[in-house]
Amino acid sequence: MLDGIRVVDLSTEIAGPYCTKLLADAGADVVKVEPPAGDPLRRWGPSAAQGTGALFEFCNTTKRGIVGTITDPEVVDLCVDADIVVHDAAPGTFPVAPLLERNPSLVVVSISPFGQDGPWRDRPATEFTIQAECGSIAGRGLPDAPPFYAGGRMGEWVGGVYAAVAAAAALREAQRSGHGEHVDVALLAVMSLTMNTYTALMADMVGWPPPVRPTRTVEVPSIEPTADGYVCFTTNSVQQLSDFMVLIGRPDLLDDERWFRHPSRWAGRDEFLAMAHEYTTPRPSAQVLAEAEELRIPSGPVGNGATVTTFDHFQVRGAFVPSPSGRFVQPRAPYKISGVEPRPFAKAPALGEHAGTIDWHPRDRTAPTGDRRLPLDGVRILDLTAWWAGPAGGHLLALLGADVIKVESVTRPDLMRYSATKQPPTEQWYEWGFIFHGANNTKRGITLDLTREEGKDLLLRLAAESDALIENYTPRVMDNFGLTFDVLHEANPRLVMTRMPAYGLDGPWRERTGFAQTMESITGMAWVTGWADGPPVLHRGACDPLAGAHAVLATILALRERDRTGDGRLVEATMIEAALNAAAEVLVEHQASGTLLTRDGNRGPVSAPQGVYRCAGDEEWVAIAVATDEHWDALRRFLGDPAWAADPELATADGRRAAHDRLDAHLGEWTADRNARVLSEELCAAGVPAGYVCDGRDIRFNPQLDHRRFFETEDHPVTGPVQVPNAPWRFAGITAPWLRRPAPTLGQHNDEVLGGILGLDAAELARLREIGIIGETPKGA
């Protein structure tokens, strides 16, 4: 699909290389330009002892490689002859303007911790300290222990796929009009959008009451012990929790309201989990999962690097393919598009392997024509998704300019409406769903009863006037509606249908309901999160927008293929395989070296010392991560070179890692009477990566996010004005707000869409309301 597209990759580590891997998977010719010492990821992990780290191989399959820097004239010329350039150079150091002057249709993607401008632009950071500042760390853990981070460098993986979405979208506009683009991706914004579930928006809706600390929790229930390991349960709805109580043999709890309210269930978690464990601990995981499935409770095994390949669903679907080097198996590309054969993976390049062989010829460039537009301007998309993953995907499509029409029904609205900050009998309480607002602004909204022939026919008529349809039901739902791809393709041969079932369109888990929690557990993400002497712990949410972004990338690619051939495509973009790609390290490292990556609290493989340290005040913490020897030297100087820090064994990363307990004790004593916010600023100014462990809602007051206008005002007809997070990137050529309309009230645009697009008159619309095909109030609300 990207055959003939040229990409120069001047990035290292995970985010940039994963972005360009996704482009390479789609057919682009990606040339990786490395410094003379190579990408540090080559030397990452125990498998690097064999010559090259397994994670480097995974992130850089199907690329060619040369050695150089952006100061080399031949590298500059290569960039000028490219369609897309991806880099992670320090902000302000990459020659974006000169490259765009020589090639006005070039797309330059800059990936950095905080963005290319703003007061934090040059601040030192690691993924760990950004997790602190985005509100992720503060919300995870138990009250009697420190909060802890999500393992696996998840922010970098999510940053990579969001960068790929922006790159593919900007390329579409560049090839349409000749207008290139500078895409500025900030990991802080990406992680604030994906690893923080709209807590600032929730606080805005309830009027910013004083926080009750500690804010950290874990789901109850979530990952629970069995006779032979662990299983994960997801109880996002009242029905799922009710079924869980039946599962554990306690139907008597159904009449006890305290278990159905999050605060009181959390307060009584020890009692609740003791009852749950009476059921789970005597039984093997397979039995627990089978009995949970009988009640349709979303659940799954808890995988790790040694076991993830044994998951029967992955085996049946062929989710793993041999790595080109033969050292391990790896996840395949996380989507399938009908009529398009997946590109075979090629071996990651040796350092400088393709020097002198890059034979790109200069292309004829024409001056940009016409006005610059949003990349998906003129594209109409029907959004039949619910919860978070699907709506997050539709939201990205809307932000990028598509006319996204959300389709619900009065009998089954998007249930995220019911995770609301107001409850019955408040009028229109279902319009106060904070996650719904966050993931559905900039869309129009209609209702159609698709269980009835007349509602189905109206959807088919809308499909005939649309470019794409996205949905994330279990596969049987669209089949039962009679809205298969064949039916939609007959209505509109040019339509792209993107299906986002949790587990896929085939395989033994096809009809199971899945949520982010189960994805994190099955793929091994949870295995690397939590304390060393405790159970695996959920990340909490990133898998939803991660899946949505992968689906958006696949949709943009399918639209490109549709434009080329005139024929619509069926896209399968599953949540489980998106998560599997982002969790690839646990698998490929175990396969390549036999090392089982696991959890260790706030300690990680990148930095030592790394941790959160208590400061003065109520639940005030600072995150510190010493990733390099230079960071250690800067920390020593800031501490005043105390005698304990002069130990020569601490001069190396291995020495500091071996002395982590001792370092934590010294640092904890030193931070105890200091102001956490002030200390994080002082450490960063001294050159030490640090972050204030921010309550999730308080990202609203982050000066860097404020400078980059991450929050925009949604003026909603029911809730009034609230501040909503928007796109985690900036396009230099687009200055208008990303948020173009508030999240729709239920059925708000029935007349506008059905009248304006299909030509239904007022009498027909009134008839449809009277018989319940459309409506504006949920039944039973």
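Only a predicted model underlies this, so the values are computations on that prediction, with no experimental measurement involved.

**Student:** Is there a simple way to think about the sheet that holds strand 4 (residues 84-87) in this case?
**Tutor:** Strand pairing in a sheet is mediated by backbone hydrogen bonds. Such pairs are either parallel or antiparallel. Read from one edge to the other, the open sheet built from 7 strands follows the order 3-2-1-4-5-6-24, with strand pairing classed as mixed. Both outer strands of the open sheet, strand 3 (63-67) and strand 24 (729-731), are each paired with one neighbouring strand and no more. Sheet twist, expressed as the average angle between the axes of neighbouring strands with direction ignored, equals 20 degrees. Relative to strand 4, strand 1 (residues 6-10) is paired through 4 bridges, and the arrangement is parallel. In the sheet register, D9 faces strand 4, and the bridge partner there is V86. Set on the sheet, helix 1 (residues 15-25) makes contact with strand 1, strand 2 (29-34), strand 3, strand 4 and strand 5 (107-112); between it and strand 1 the angle comes to about 165 degrees.

**Student:** Would you mind showing me how to read the packing of helix 6 (residues 154-177) against helix 20 (residues 543-565) here?
**Tutor:** Each pair of packed helices can be summarised by the angle the axes make with each other and by the distance between the axes. Between helix 6 and helix 20, the shortest axis-to-axis distance is 9 Å and the interhelical angle comes to 25 degrees. Taken as axis vectors, helix 6 and helix 20 run roughly parallel relative to one another. Every pair of crossing elements has a handedness; the one defined by helix 6 and helix 20 is left-handed. For the pair helix 6 and helix 20, contact is made by V158, V161, Y162, A164, V165, A168, A169, L171, R172 and Q175 and by P545, L546, A549, H550, V552, L553, I556, L559, R560 and D563, respectively. Residues that form the contact of helix 6 with helix 20 fall into these classes: 15 nonpolar, 2 polar and 3 charged.

**Student:** How do you make sense of the packing of helix 14 (residues 389-399) against helix 20 when you look at a structure like this?
**Tutor:** Contact geometry of helix 14 with helix 20 gives a least axis separation of 7 Å together with a crossing angle of 50 degrees. Here helix 14 is positioned oblique relative to helix 20, judged by the angle of their axes. Note on packing geometry: the crossing formed by helix 14 with helix 20 is right-handed. Facing A389, A392, G393, L396 and L397 of helix 14, the residues of helix 20 in contact are D544, P545, A547, G548, A549 and V552. Here the residues of the contact of helix 14 with helix 20 are counted per class, giving 8 nonpolar, 2 polar and 1 charged.

**Student:** Even after reading the chapter, I still don't get the nonpolar core, so can you show me in this structure?
**Tutor:** Here is a general trend for soluble globular proteins: nonpolar side chains tend to be buried in one another's company. The biggest cluster of nonpolar side chains holds 164 residues, and the ones touching the most others in it are I84, V109 and W729. Residues contacting W729, with those up to four places away along its chain left out, are Y162, V165, A166, V183, D184, V185, L396, L400 and W738.

**Student:** Teacher, can you tell me more about the side chain of R499 here?
**Tutor:** Structurally, the position occupied by R499 is in strand 17 (residues 496-499). Looking at R499, its side chain comes within polar contact range of the main-chain oxygen of P475, at 3.3 Å. Those residues in contact with R499 that lie beyond four places of it in its chain are E471, P475, M478, D479, L505, L570, V571, E572 and A573.

**Student:** I would appreciate a short explanation of the sheet that holds strand 21 (residues 690-692) in the present structure.
**Tutor:** In spatial order, the strands read 19-20-21; together these 3 strands make up an open sheet with antiparallel pairing. Each edge of the sheet is formed by a strand with only one pairing partner; in this case those strands are strand 19 (610-614) and strand 21. Each neighbouring strand pair of the sheet contributes to a mean axis angle of 20 degrees, computed without reference to strand direction. When strand 19 meets strand 20 (residues 621-625), the two strands line up antiparallel, connected through 5 bridges. Each residue of the ladder has a partner; that of V612, found in strand 20, is A623. Taken strand by strand, helix 25 (residues 660-671) contacts strand 19 and strand 20, and its axis lies near 35 degrees from that of strand 19. Here helix 26 (residues 676-685) sits on the sheet in contact with strand 20 and strand 21, set at roughly 160 degrees to strand 21.

**Student:** Would you mind going over unusual backbone geometry with me for this structure?
**Tutor:** With the exception of glycine, the majority of residues adopt a negative phi angle, and the majority of peptide bonds are in the trans configuration. With an omega of 0 degrees, the peptide bond running from R213 to P214 counts as cis. Following the sequence through the fold, P214 ends up in the loop between helix 8 (199-205) and strand 7 (223-226). Residue V220 is joined to P221 through a cis peptide bond whose omega torsion reads -5 degrees. Within the fold, P221 resides in the loop between helix 8 and strand 7. The backbone phi angle of R153 is positive, close to 55 degrees, even though this residue is not glycine. The residue R153 is located in the loop between helix 5 (127-133) and helix 6 in this model.

Rules used in this analysis
- Residues numbered from 1 in each chain as written.
- Predicted model: local features only at pLDDT ≥ 70, side-chain atom pairs only at ≥ 80, totals over all residues.
- Heavy atoms only, no water.
- Pairing = 2+ DSSP bridges.
- Helix = DSSP H or I, 4+ residues; strand = E, 2+ residues; numbered from the N terminus.
- Axes fitted to C-alpha atoms, helices over the stretch in contact; angles between N-to-C directions.
- Contact = heavy atoms within 4.5 Å.
- Parallel < 35°, antiparallel > 145°, perpendicular 65-115°, else oblique.
- Left-handed = near helix turned anticlockwise from the far one by under 90°.
- Nonpolar A, V, L, I, M, F, W, Y, C, P; charged D, E, K, R; others polar.
- Core = buried A, V, L, I, M, F, W, Y, C linked by side-chain atoms within 4.5 Å.
- Buried < 20%, exposed > 50% of the residue type's maximum accessible area, 1.4 Å probe, protein only.
- Polar contact = N/O pair within 3.5 Å; in protein donor to acceptor, adjacent residues only side chain to side chain.

Interpretation in functional terms is not warranted from these geometric data alone.
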